[in-house]
Amino acid sequence: MHEDLSPLIAATTHWLTSAYPASGGALAAALCEVQARQAVTVAAWLRYPTPMDAALVTMAGPGGSARLDWVTGADGAGTEDPDTWAWRTWVDEVVASWAACLLTDAELADRAVDALADPSAAPVEFRRLLAPDDSDRSAAALLRHPDLLSPVAGLHHAELLTRLTLGPALAA
């Protein structure tokens with residue numbers, strides 16, 4: 001059902017891991033990316049819960065990373081070669097903000113996964129988001145730092161809380 005969201009999920013994950021990179025080599029980068037992808041996936045599934053929602057965002061486009069770049073201080077990055085930065089048009093600001101909220105608040109992440117249409121797969125599918133171990137935390141130290149992510153998380157935090165208070169029936 002959510003395969004239509006794969007470009008949005010990939011671009012938003014890439015934006016998060018570029019803005020808040022891992023430190024410590026290739027393994028750390030892979031662990032950081034997995035955590036970001038899991039958070040972005042949950043956020044995207046909450047934001048676009050039906051096939052119609054996914055089709056509409058695929059047709060209209062998610063909006064891009066311009067405001068996120070500005071908020072994080074990367075404003076104007078990559079203006080010299082548009083082909084290098086074309087992926088940024090697939091970044092979804094709301095999804096990035098919601099993912100930042102999930103990465104910095106374990107209780108909110110639990111609530112978000114519970115609100116998904118099929119939470120039965122959640123414990124295995126989203127383990128690195130919900131129960132990161134020491135190596136996960138070390139690899140994603142910047143990505144999970146509440147103070148660093150607060151400008152991004154704060155953009156749409158209230159909307160995420162509203163979505164989660166609606167419960168699983170409306171998010172399914």
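Preceding block: the structure.
The notes below deal with the structure included here. (Residues numbered from 1 in each chain as written. Predicted model: local features only at pLDDT ≥ 70, side-chain atom pairs only at ≥ 80, totals over all residues. Heavy atoms only, no water.)

### Thoughts on a nonpolar patch on the surface
Residues Met 52, Leu 56 and Met 59 make up a contiguous nonpolar surface patch of about 360 Å² in total accessible area. When you line up the elements, Met 59 lands in helix α3 (residues 51-60). For Met 59, a relative accessible area of 67% gives the class exposed. (Patch = residues over 30% accessible without salt bridge, like charges linked within 9 Å, V, L, I, M, F, W, Y side chains within 5 Å. Areas by Shrake-Rupley, 256 points an atom, 1.4 Å probe, with all protein chains shown as cover. Salt bridge = Lys/Arg side-chain N within 4 Å of Asp/Glu carboxyl O. Helix = DSSP H or I, 4+ residues; strand = E, 2+ residues; numbered from the N terminus. Buried < 20%, exposed > 50% of the residue type's maximum accessible area, 1.4 Å probe, protein only.)

### With respect to the packing of helix α6 (residues 93-104) against helix α7 (residues 106-114)
At a closest axis distance of 5 Å, the pairing of α6 and α7 adopts a crossing angle of 120°. The angle between the axes of α6 and α7 places the two elements in the oblique class. From α6, Cys 101, Leu 102 and Thr 104 reach across to α7, where they touch Ala 106, Leu 108, Ala 109 and Ala 112. Looking at the contact of α6 with α7 residue by residue, the classes come out as six nonpolar, one polar and no charged. (Axes fitted to C-alpha atoms, helices over the stretch in contact; angles between N-to-C directions. Parallel < 35°, antiparallel > 145°, perpendicular 65-115°, else oblique. Contact = heavy atoms within 4.5 Å. Nonpolar A, V, L, I, M, F, W, Y, C, P; charged D, E, K, R; others polar.)

### Focus: the side chain of Ser 97
Along the chain, Ser 97 falls in helix α6. Since its relative accessible area comes to 0%, Ser 97 is described here as buried. Here Val 152 takes part through its backbone oxygen, which lies 2.8 Å from a polar atom of the side chain of Ser 97. (Polar contact = N/O pair within 3.5 Å; in protein donor to acceptor, adjacent residues only side chain to side chain.)

### So, the pattern of salt bridges
One pass over the full model with this rule turns up four salt bridges. Among the salt bridges present, the one from Arg 67 reaches Glu 93, with a minimum N-O distance of 2.7 Å. Of this pair, Arg 67 sits in helix α4 (residues 66-72) while Glu 93 sits in helix α6, placing them 26 residues apart in sequence. The exposure class assigned to Glu 93 is buried, which follows from its relative accessible area of 14%.

### Considerations on helix α12 (residues 157-165)
Considered for burial, the residues of α12 that qualify are Leu 160, Arg 163 and Leu 164. Looking straight down α12, one finds that the buried residues subtend no more than 95° of arc, so they occupy a single side. Facing away from the buried side of α12, by more than 90 degrees, are the exposed residues Ala 158 and Thr 165. (Arc of directions from axis to C-beta.)

### Some details on the packing of aromatic side chains
Under the counting rule described, the total for this entry stands at three aromatic pairs. On the numbers, 6.5 Å between centres and 35° between planes, the contact of Trp 85 with Trp 87 is tilted. On the basis of relative accessibility, which here comes to 24%, the residue Trp 85 falls in the partly exposed class. On the basis of relative accessibility, which here comes to 21%, the residue Trp 87 falls in the partly exposed class. (Phe/Tyr/Trp six-rings, centres within 6.5 Å; stacked < 30°, edge-to-face > 60°.)

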